[in-house]
Protein chains: 2
Amino acid sequence: MASERKATADPARSLALLWRTREPTSRSAGPALSVDRIVRVAIDIADAEGLDALTMRRVGEALGVGTMSVYTYVPGKAELVAVMIDTAYGEMPRPAVDGDWRTRLERIARDNLALYQRHPWMLRAETTRPVLGPHLMAKYDYELGAIVDIGLTDVEVDAVLTLVLGHVKSAARAASEVVDLERETGMTDGQWWQSHAPWLETFLKPGAYPIASRVGTAAGEQHGAAYGPEYAFEFGLQRVLDGISVVVAERAADR
Amino acid sequence: MASERKATADPARSLALLWRTREPTSRSAGPALSVDRIVRVAIDIADAEGLDALTMRRVGEALGVGTMSVYTYVPGKAELVAVMIDTAYGEMPRPAVDGDWRTRLERIARDNLALYQRHPWMLRAETTRPVLGPHLMAKYDYELGAIVDIGLTDVEVDAVLTLVLGHVKSAARAASEVVDLERETGMTDGQWWQSHAPWLETFLKPGAYPIASRVGTAAGEQHGAAYGPEYAFEFGLQRVLDGISVVVAERAADR
DNA sequence: CGGCGCGGTCGTACGGCGTACGGCCGCGTT
DNA sequence: AACGCGGCCGTACGCCGTACGACCGCGCCG
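Residues numbered from 1 in each chain as written. Chains lettered and ligands numbered in written order. Predicted model: local features only at pLDDT ≥ 70, side-chain atom pairs only at ≥ 80, totals over all residues. Heavy atoms only, no water.

Of the regular secondary structure elements, chain A holds ten helices and zero strands. Helices and strands appear in chain A in the N-to-C order α-α-α-α-α-α-α-α-α-α. If you line up chain A on its principal axes, its C-alpha atoms span 75 × 60 × 30 Å. Burial analysis of chain A (255 residues in total) assigns 49% to the buried set. Long-range pairs, those at least 24 residues apart, make up 75% of the contacts in chain A with a sequence separation of at least 6. Total accessible area on chain A is roughly 11,700 Å²; 54% of this is exposed by carbon and sulfur atoms. (Helix = DSSP H or I, 4+ residues; strand = E, 2+ residues; numbered from the N terminus. Buried < 20%, exposed > 50% of the residue type's maximum accessible area, 1.4 Å probe, protein only. Contact = heavy atoms within 4.5 Å. Areas by Shrake-Rupley, 256 points an atom, 1.4 Å probe, with all protein chains shown as cover.)

Right, here's the structure in full:
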């Protein structure tokens, strides 16, 4: 397997894992391991050192068991990552909704951003197929609930949520890349650019890319770094919400 | 190395590769290989079979040379992927801009979507650090040029482009996941859901997730599949453009 | 004209990954 | 007392990226 993508083939097994359908062992003192224990240490490893550090050997080691013992509880790494994702979504707060729809949606966006900042590996975990776990469904239900009543059709409500969450994920990914770069190189973002700029200038013909140079420089100075992920998140979020309010207003006028 | 991420350390080497700074060999009839030939077959492999199929052995094989010969021209796989990315961005059309800013931005969004559909591996190629190649810079310059004059600050213009391109990438990724799923399972998206639904229902308590069920069903019926990537792209794009036009109008009113 | 250096080529090998397979062991049941 | 089975896991296989050093033929210098 490359990346964290797999065929898995067996929906029953994968879904049962996500929903933890498993009769408790009748044996006294039960087994040493469990899906929950495995998932917990796996998330800890991924949080602390990234997805690349999450190997099956490493998980076994952290649990004090052999590598292959993990496979007693989890069919493979792809499924483990799927459970990790569902579990992580389960940690999100779901306070009673209040305020107008814009406030609610903004809150949802910020909560999602915070989740991705706590678990940056989620941004790199490719799954191909949807993770149909209970927590993800609960999250989807909750978030839809915050905007079902804004006067759009169900299909539009779904698209609104997809749009907002997509923006959050994009912005989180950009922010995460900056953090990764700093961790990998030991330089801050600004230092990295300073170390590359002289080399870049030797290749650049003066006057080439005039607009890119001007805008890039302006953005760099403004943010104190070449890229301002927080600014991009905030600016984008407000634009997206503005755009949504245009349709909401249209629909309200039609009524 | 896991994923396609690497430290690389040496900016000079990486940048020189991107910009193809290399005196042509004085030898008669030159070497059999070149960076360009390598990049071309690498892109072909990734286009046809995905990033997971792109291995250094495979590239050598496709070129009729030994695996390690590739390393004469490219320091490692991460750098190869970086050059592939820059090259792919180089294929994009850059017609003279005309029409109003909204038309231009919409055009840019569609061109980017088309690129990602032609080269879906670009959506999975994680780079951590920006690919500072000539084509990517030209693209950035071109796209900024289409919107510099809409009355926003340079910093805002940059954020607008980031927002739009981020949306395109999100939507393209969602669409690509559907395609991958179909390729991996041999089922259409609809068939996949039909095969999972019965299992899912055995876990679901009736009445749980009422909103998610209703909206999910509505969306599924509307799109003829559980997820309508094209609809999500279109809806989101219009919302984003609406949101941008709100700021543009504000600025115009201030003037 | 002979030797040398060097750039291009690449076979071998190493360490790491996910995981298939089969054996072992101790418990609950019969 | 015997059995079966669930949990555990050592070993091994086939992949991956790539370090290392050998080989080889060309162009240059003496």
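Its rotation angle being 180°, the transformation that places chain B on chain A also includes 0.0 Å of axial translation and leaves an RMSD of 0.0 Å. Expressed as a symmetry operation, the mapping of one chain copy onto the other fits a two-fold axis. It is Gly 243 of chain B whose C-alpha, among those of chain B, lies nearest the rotation axis, at 1.9 Å. When the interface residues of chain B are mapped onto chain A, 100% of them are again interface residues, pointing to one common binding face. (Least-squares fit on C-alpha atoms with pLDDT ≥ 70 in both.)

Residue and element names in this part refer to chain B. The contact between helix α6 (residues 134-145) and helix α7 (residues 154-185) brings their axes to 10 Å, and the two run at 110°. Here α7 runs roughly perpendicular to α6, going by the angle between their axes. Counted together, Lys 139, Tyr 140, Glu 143 and Leu 144 of α6 and Val 157, Asp 158, Leu 161 and Leu 165 of α7 form the full contact between these two elements. Residues of the contact of α6 with α7, tallied by class, amount to five nonpolar, no polar and three charged. (Axes fitted to C-alpha atoms, helices over the stretch in contact; angles between N-to-C directions. Parallel < 35°, antiparallel > 145°, perpendicular 65-115°, else oblique. Nonpolar A, V, L, I, M, F, W, Y, C, P; charged D, E, K, R; others polar.)

Residue and element names in this part refer to chain A. Taken domain by domain, chain A comprises domain 1 (11-88) and domain 2 (96-254). Computed from C-alpha atoms alone, the centre-to-centre distance between domain 1 and domain 2 is 30 Å. The interface is formed by 17 residues belonging to domain 1 together with 16 residues belonging to domain 2. When the two sides are added together, the surface that domain 1 and domain 2 hide from each other amounts to roughly 1,400 Å², 71% of it contributed by carbon and sulfur. The interface formed by domain 1 and domain 2 contains zero salt bridges. Contributing elements (two or more residues each) for the side of domain 1 that touches domain 2: α1 (11-18), α2 (35-49) and α4 (77-90). The leading source of residues in the side of domain 1 that touches domain 2 is α4, at seven residues. Residues of the side of domain 1 that touches domain 2, tallied by class, amount to twelve nonpolar, two polar and three charged. (Domains from an automatic or database assignment. Buried area = accessible area lost by both parts, 1.4 Å probe. Salt bridge = Lys/Arg side-chain N within 4 Å of Asp/Glu carboxyl O.)

Moving on to the interface of chain B and chain A. Counting residues at the interface gives 73 residues for chain B and 73 residues for chain A. Carbon and sulfur atoms make up 69% of the surface buried where chain B meets chain A, a total of about 6,900 Å² over both sides. Per-residue buried area on chain B facing chain A is highest for Val 155, Phe 203 and Tyr 209 of chain B; these three make up 9% of the total on that side. On the surface where chain B and chain A come into contact, there are six salt bridges. Linking Arg 124 of chain B and Glu 126 of chain A is a salt bridge whose minimum nitrogen-to-oxygen distance equals 2.7 Å.

A few words on the pattern of salt bridges. Residue and element names in this part refer to chain A. One pass over the full model with this rule turns up 30 salt bridges over all chains. Across the pair Arg 239 and Asp 242 runs a salt bridge whose closest N-O atoms are separated by 2.7 Å. Here Arg 239 pairs with Asp 242, and both are found in helix α10 (residues 229-254), just three residues apart, close to one helical turn. Like Arg 239, the residue Asp 242 is buried in the burial classification. Through salt bridges that share partners, Arg 102, Arg 239 and Asp 242 make up one connected network.

This part takes up unusual backbone geometry. Positive phi values are uncommon outside glycine, yet Thr 128 of chain A reaches one of about 60°. The residue Thr 128 of chain A is located in the loop between α5 (101-118) and α6 (134-145) in this model.

With that settled, the discussion passes to the side chain of His 196 of chain A. Note on placement: His 196 of chain A falls in helix α8 (residues 189-203). The class of His 196 of chain A is buried, set by a relative accessible area of 9%. The residues touching His 196 of chain A, leaving out its near neighbours within four places in the chain, are Pro 11 and Leu 15 of chain B.

This part covers the environment of Leu 15 of chain A. In this fold, Leu 15 of chain A is placed in helix α1. Here Leu 15 of chain A falls in the buried class, since its relative accessible area comes to 3%. Taking the C-alpha atoms as reference points, Leu 15 of chain A and Met 92 of chain A, 77 residues apart in sequence, are found 21 Å from one another. Leaving out residues up to four positions away in the same chain, Leu 15 of chain A has contacts with Leu 132 of chain A together with His 196, Trp 199, Leu 200 and Phe 203 of chain B.

Moving on, we get to the packing of aromatic side chains. In the structure shown here, the tally under the stated rule is eight aromatic pairs over all chains. With a centroid separation of 6.5 Å and an interplanar angle of 70°, the aromatic rings of Trp 19 of chain A and Tyr 209 of chain B are classed as edge-to-face. Pair noted here: Trp 19 of chain A is in the loop between α1 and α2 and Tyr 209 of chain B is in the loop between α8 (189-203) and α9 (210-223), and the two residues belong to different chains. Each of the two residues, Trp 19 of chain A as well as Tyr 209 of chain B, counts as buried. Seen in terms of ring centroids, Tyr 231 of chain A and Phe 235 of chain A are 5.9 Å apart; in terms of plane orientation they differ by 25°. Their pairing is stacked. Here Tyr 231 of chain A and its partner Phe 235 of chain A are both found in helix α10, four residues apart, which amounts to about one turn of the helix. (Phe/Tyr/Trp six-rings, centres within 6.5 Å; stacked < 30°, edge-to-face > 60°.)

Turning our attention to the environment of Asp 111 of chain A. All names here are of chain A. Turning to its location among the elements, Asp 111 is positioned in helix α5. Spatially, the C-alpha atom of Asp 111 lies 25 Å from that of Leu 54, the residues being 57 residues apart in sequence. In this structure, Asp 111 is in contact with Met 92 and Pro 93, ignoring residues within four places of it in sequence.

All names here are of chain A. Contact pair α5 / α10: the axes reach a minimum separation of 11 Å and the direction vectors enclose 145°. Pair α5 / α10 crosses with right-handed handedness. Along the contact surface, α5 presents Trp 101, Arg 102, Leu 105, Glu 106, Ala 109, Arg 110 and Leu 113, while α10 presents Phe 233, Glu 234, Leu 237, Gln 238, Leu 241, Asp 242, Ile 244, Ser 245 and Val 248. Of the residues that constitute the contact of α5 with α10, the class distribution is nine nonpolar, two polar and five charged. (Left-handed = near helix turned anticlockwise from the far one by under 90°.)

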